[in-house]
Amino acid sequence: MVEIRVENVTHIYGDKIKTVALRDVSIVFPNGKIIGILGPSGCGKTTLLKIIAGLLKPTKGRIYFDNNDVTDWDPIKRNVAMVFQFPVAYDMTVYDNIAFPLKIRRYPKEEIDRRVKEVIEVLGISKEILNTNARGADPSLRQKIAVARAIVREANVLLLDEPLTNLEPLVRVELKSKLKEIVQKIKITTLYVSHDQAEVLTLAEKVAVMNEGRIVQYDDTSILYEYPKNKFVGYFIGNPGMNYISCVLEEDFLDCKGFRYKLMPNEVEALRKAGKEFDLGIRPEHIKVSRDYGEVEGKVVVVEKLGTAMLYHIEISPNVTIIAKTYMSLNVREGDRIYMTLPREKIRIFSKDGERIV
Ligand SMILES: Nc1ncnc2c1ncn2[C@@H]1O[C@H](COP(=O)(O)OP(=O)(O)OP(=O)(O)O)[C@@H](O)[C@H]1O
């Protein structure tokens, strides 16, 4: 296991039609930790993983494993293990599939046996199927075999690119907790890419959020959620994302059209430096809703269910609708009046160019 340092990496695909996939990315992935990479489709997540693995040479910039500059090393020399969305099962027995990386490195037979036994135990692969052909295995078993093959040798880095995406929900939960257990046990530096933010936020210790080829925030999961650096992260993290209400700074309050938000003296000072117009941000689950009282009044325009939660879309002034998420049913219908309380400690304020100020 190693610390991975990405320094000023830019990657451009194509000669005639150019696509800039990464723009001057610098980031450090600490030794032995599991780090998530989140971002919308096409933001450059897979390109970054391929560059770290040595499958792609960056157009510009360097990659370091500890103090070694590995930019010109091939994937084998880097000793990186990878698991992708569509697991590869070789046309051989389950045992041979798992033992493959050890056999090509000419490990002694007893050592191979010992390691295969260890990983099948951790992953819950039954001994009975070791001699069956892996091609016939169902998708969840094939993915377990792919993970087993990745961890059976002492790789420097484990790269997981959407490893659970094609699995049944129950198997996803099982394999997710096994992955966490494995990374904690063998302390391998792991990068985990997924579209599923809930999956990444529960597995990873720290998460890098990407957008348009850049890292926009790299923090502990609770900080990303509570203190998004900008409006993009506030909206991207969360389900649904953060609400934004545009407002204007007056003497010592924000005029949010439907209501006024009283500011503390230090907030007034910080906002004055940044201009006149802002966006007040609040997460749907932090809004307290009531049929009888609250500081902000609105009209329910849509009621929908999201799993066990209720989402109320509430119009607080013409063209301004926010979403409140609650796990209690209030027995309100579309068209009803509703009242909201916005807890001070949960309110964030962003400049018009999207950066968080308060
Ligand atoms: N081989 C390629 N040739 C040209 N453009 C490419 C190639 N691979 C990726 N791209 C482009 O580079 C950008 C980043 O792609 P990348 O696959 O790294 O994003 P991603 O965040 O992994 O997306 P997804 O979540 O959809 O897999 C996208 O605009 C994509 O279309």
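Since the model is a prediction, treat every value here as computed from it, not as a measurement.

Definitions and limits used
Residues numbered from 1 in each chain as written. Predicted model: local features only at pLDDT ≥ 70, side-chain atom pairs only at ≥ 80, totals over all residues. Helix = DSSP H or I, 4+ residues; strand = E, 2+ residues; numbered from the N terminus. Buried ≥ 20, exposed ≤ 12 C-beta atoms within 10 Å, placed from the backbone. Contact = placed C-beta atoms within 7 Å. UniProt positions renumbered as here; feature names shortened; annotations may be inferred. Near = placed C-beta within 6 Å. Nonpolar A, V, L, I, M, F, W, Y, C, P; charged D, E, K, R; others polar. Axes fitted to C-alpha atoms, helices over the stretch in contact; angles between N-to-C directions. Parallel < 35°, antiparallel > 145°, perpendicular 65-115°, else oblique. Left-handed = near helix turned anticlockwise from the far one by under 90°. Pairing = 2+ DSSP bridges.

Structural notes on the overall build of the protein
Piece 1. When you go through the protein residue by residue, the secondary structure sums to 10 helices and 20 strands.
Piece 2. Oriented by its inertia axes, the alpha-carbon framework of the protein measures out at about 75 × 45 × 40 Å.
Piece 3. Counting across all 358 residues of the protein, residues that qualify as buried make up 35%.
Piece 4. Put simply, 67% of the contacts in the protein that link residues at least 6 apart link residues at least 24 apart.

Some points on the UniProt feature "domain: ABC transporter" (unreviewed entry) in the protein
Piece 1. The positions UniProt marks with the feature "domain: ABC transporter" (unreviewed entry) are residues 4-237.
Piece 2. From the first C-alpha to the last, residues 4-237 spans 25 Å; its make-up is 38% helix and 26% strand.

Comments concerning the site of the ligand
Piece 1. Taken together, Tyr13, Gly14, Thr19, Ala21, Gly39, Ser41, Gly42, Cys43, Gly44, Lys45, Thr46 and Thr47 make up all the residues around the ligand.
Piece 2. The element contributing the most residues to the shell around the ligand is helix H1 (residues 45-53), with 3 residues.
Piece 3. Residue composition of the shell around the ligand, by class: 3 nonpolar, 8 polar and 1 charged.

Brief notes about the packing of helix H3 (residues 94-104) against helix H4 (residues 109-123)
Piece 1. In contact at an axis separation of 10 Å, H3 and H4 are set at 130° when each is read in the N-to-C sense. With respect to each other, H3 and H4 are oriented oblique. In terms of crossing hand, the pair formed by H3 and H4 is right-handed. Side by side, H3 and H4 meet where Tyr95, Ile98, Ala99, Leu102 and Lys103 of the first sit next to Ile112, Arg115, Val116 and Val119 of the second.

Comments concerning the environment of Leu311
Piece 1. If you trace the backbone, Leu311 turns up in strand S17 (residues 309-317).
Piece 2. Residues Leu311 and Thr326, 15 residues apart in the sequence, show an inter-C-alpha distance of 6.7 Å.
Piece 3. If sequence neighbours within four positions are ignored, Leu311 has contacts with Pro284, Glu304, Leu306, Ile323 and Lys325.

Looking at the sheet that holds strand S10 (residues 214-220)
Piece 1. A sheet is described by the order of its strands in space; here 6 strands give the open sequence S6-S7-S8-S3-S9-S10, paired in mixed fashion. Two strands bound the open sheet, and with one partner strand each, they are strand S6 (80-83) and S10. When the angles between neighbouring strand axes are averaged without regard to direction, this sheet yields 20°.
Piece 2. Sheet analysis places S6 next to strand S7 (residues 157-161), joined by 4 bridges and oriented parallel. Counterpart to Ala81 in the pairing with S7 is Leu158.
Piece 3. Each of strand S3 (34-38), S6, S7, strand S8 (189-193) and strand S9 (206-211) is contacted by H1, which is oriented at about 155° to S7, the strand it contacts most.

Examining the pairing of strand S2 (residues 19-29)
Piece 1. Pairing of strand S1 (residues 4-13) with S2 involves 7 bridges; the strand directions are antiparallel. Within S2, the position partnered with Ile12 by the bridge is Val20.
Piece 2. The loop that links S1 with its antiparallel partner S2 comprises 5 residues; one of these, Gly14, has a positive phi angle of about 85°.

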